[in-house]
Amino acid sequence: MAVKTVLITGASGEIGHGLIQALAEQADVRVVALDLHPMADAMAAKCYRVVIGDILDKALIESLSAAHDFDVIHHLAALLSTKSERQPMLAHKVNVEGTMNLLELAIGQSRLQGREITFLYPSSVAVYGLPSLDAKRKAGKVKETEWLTPRTMYGTNKLYCELLGTYYSEHYRQLDADAVQGRVDFRGLRFPGLISADTVPTGGTSDYGPEMLHNAAQGKAYPCFVREDARIPFMAMPDGVTALLQLAAAPAKKLTRRVYNIGAFAPSAGEILAFTKKAFPKAAVTFSPDQKRQGIIDGWPEDVNDDAARVDWGWKPAFGLERAFAEYLLPAITRRYTK
Ligand code: NAD
Ligand code: AKB
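All values reported here derive from a predicted model rather than from experimental measurement.

## Concerning the site of ligand 2
As a matter of local geometry, ligand 2 sits amid Leu 80, Ser 81, Ser 124, Tyr 154, Gly 204, Thr 205, Ser 206 and Trp 300. Side-chain polar atom of Ser 81 to an oxygen atom of ligand 2: 2.5 Å apart, as the coordinates give it. Interatomic distance of 2.6 Å between a backbone N/O atom of Thr 205 and an oxygen atom of ligand 2. Burial of ligand 2 by the protein amounts to 92% of the accessible area it has alone, namely 250 Å².

## Brief notes about the site of ligand 1
Inspection of the region around ligand 1 gives 25 residues, with Ile 15, Asp 35, Asp 54, Tyr 154 and Lys 158 positioned closest. At a separation of 2.6 Å, an oxygen atom of ligand 1 approaches a polar side-chain atom of Tyr 154. Residue Lys 158 places a side-chain N or O atom 2.8 Å away from an oxygen atom belonging to ligand 1. A total of 820 Å² of accessible area belongs to ligand 1 in isolation, and the protein chains cover 92% of it. Mapped onto the shell around ligand 1, the elements with two or more residues apiece are α1 (14-24), β5 (117-124), α7 (153-170) and β8 (193-195). Here the shell around ligand 1 gets three residues from one element, more than from any other, and that element is β5. In the shell around ligand 1, the residues fall into 13 nonpolar, eight polar and four charged.

## Digging into helix α3 (residues 58-67)
Along α3, the residues classified as buried are Leu 60, Ile 61, Leu 64 and Ser 65. Take α3 and look down its axis: the buried residues cluster within an arc of 140°, on one side only. Across α3 from its buried face, at more than 90 degrees, point the exposed residues Lys 58, Ala 59, Glu 62 and Ala 66. Close packing links the buried residues of α3 with β1 (4-9), β2 (29-35), β3 (49-52) and α5 (88-113). The residue sitting at the N-terminus of α3 and contributing the capping side-chain oxygen is Asp 57; that oxygen lies 3.2 Å from the backbone nitrogen of Ala 59.

## Here we look at the pairing of β5
Taking burial as the measure, the eight residues of β5 include eight buried ones, the bulk of the element. Residue alternation in β5 divides its side chains into two sets, Ile 117, Phe 119, Tyr 121 and Ser 123 and Thr 118, Leu 120, Pro 122 and Ser 124, and both sets are buried. With three bridges connecting them, strand β4 (residues 72-75) and β5 associate as parallel partners. Paired with Ile 73 across the bridge in β5 is Phe 119. Pairing geometry for β5 and strand β7 (residues 184-191), over eight bridges, is parallel. When the bridges of β7 are listed, Ser 124 appears paired with Phe 191.

## Some thoughts on the pattern of salt bridges
Tallied over the full model, the rule gives 14 salt bridges. Two residues, Arg 258 and Glu 170, come together in a salt bridge whose shortest N-O distance is 2.8 Å. A residue pair is termed long-range when its members are at least 10 positions apart, and Arg 258 in the loop between α9 (237-249) and β11 (259-261) and Glu 170 in helix α7 qualify at 88 residues. Arg 258 sits in the buried class, given a relative accessible area of 18%. Note that Arg 187 is salt-bridged to Asp 185, the shortest N-O span being 2.8 Å. In this structure, a network of salt bridges that share partners links the residues Arg 137, Arg 227, Asp 229 and Asp 298.

Conventions used here
Residues numbered from 1 in each chain as written. Chains lettered and ligands numbered in written order. Predicted model: local features only at pLDDT ≥ 70, side-chain atom pairs only at ≥ 80, totals over all residues. Heavy atoms only, no water. Near = heavy atom within 4 Å. Polar contact = N/O pair within 3.5 Å; in protein donor to acceptor, adjacent residues only side chain to side chain. Areas by Shrake-Rupley, 256 points an atom, 1.4 Å probe, with all protein chains shown as cover. Helix = DSSP H or I, 4+ residues; strand = E, 2+ residues; numbered from the N terminus. Nonpolar A, V, L, I, M, F, W, Y, C, P; charged D, E, K, R; others polar. Buried < 20%, exposed > 50% of the residue type's maximum accessible area, 1.4 Å probe, protein only. Arc of directions from axis to C-beta. Contact = heavy atoms within 4.5 Å. Pairing = 2+ DSSP bridges. Salt bridge = Lys/Arg side-chain N within 4 Å of Asp/Glu carboxyl O.

Below, the structure written as structure tokens:
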């Protein structure tokens, strides 16, 4: 059995947690995990190697490349939208320069190994920027090519990195006299806000969804920082992880795009509260909008059109809103806080 080596950056984060669990179930995969912060021992035990370090440390990235032959890279490390808005210079460094370092690692690995390296990139609905609530409501489900006018540092970083990845795949060093050695097969997913039962987000703007639920489960009051009618797309974490694995495995000839929307459900904050209250009737949630964070949410689309992902590589979320709450979020979150 040929064993595949998968590099995951940002491995200690929310998606990393879910992705490592899923990859640990595949006998032919070994995970090399990289993050600034350590991960829980139980997660580290599922990895072949855990490296604590910075994606901005070029010497570290080169040493990883010298030590391993990677088949697939999941480049998850990033600063999320709220944190990026507060520290734009740092966001640019981590989100853009960090991604460049990983794309360079991928092309270098491809040259060394004489084959294409698959590069998975989690982009975001933050790449979209709707100018007004009226435009947002009229736009409905946005297509991949529409409203690419992000209004945040994070969204701007994500959109540029989608283009960078596409450049590395399709036009890298196009003026070189000799054919360029090495190829990166860049594949991006524009994720909605993800809701996990196992982890609580930090630094994002879609965090109000998961925060509302996790606080209610712990009997804590939660002042929600957006209006009750605020609406963006969300997805249950297991579907997010499945999407990464499915896109990584999809035959290249089936793909008509480098970057795909994926959707699942698109509730208002009030609807998230209604579902939360079914399980935790005493949930003490108030709506106290922070006008600035609300502004970011108002610029993101109500929902996304994911037809291309459905047609090209069979994307179909397992969890709609009702099933996500009934069969995944509520049972797992209740277990988590009643241990
Ligand atoms: P997260 O914040 O939970 O995890 C990010 C991880 O990156 C953290 O563990 C952090 O320590 C690590 N990191 C940050 N800077 C680093 C650096 N310089 N070097 C090494 N590691 C560093 O975020 P997440 O929810 O797991 O998101 C993973 C990816 O998915 C990100 O690129 C994010 O933009 C994208 N994404 C997430 C969501 C979501 O709702 N969670 C939605 C859309 C896109
Ligand atoms: C954030 O809020 O920054 C992320 C995202 C939707 O990209 N969760």
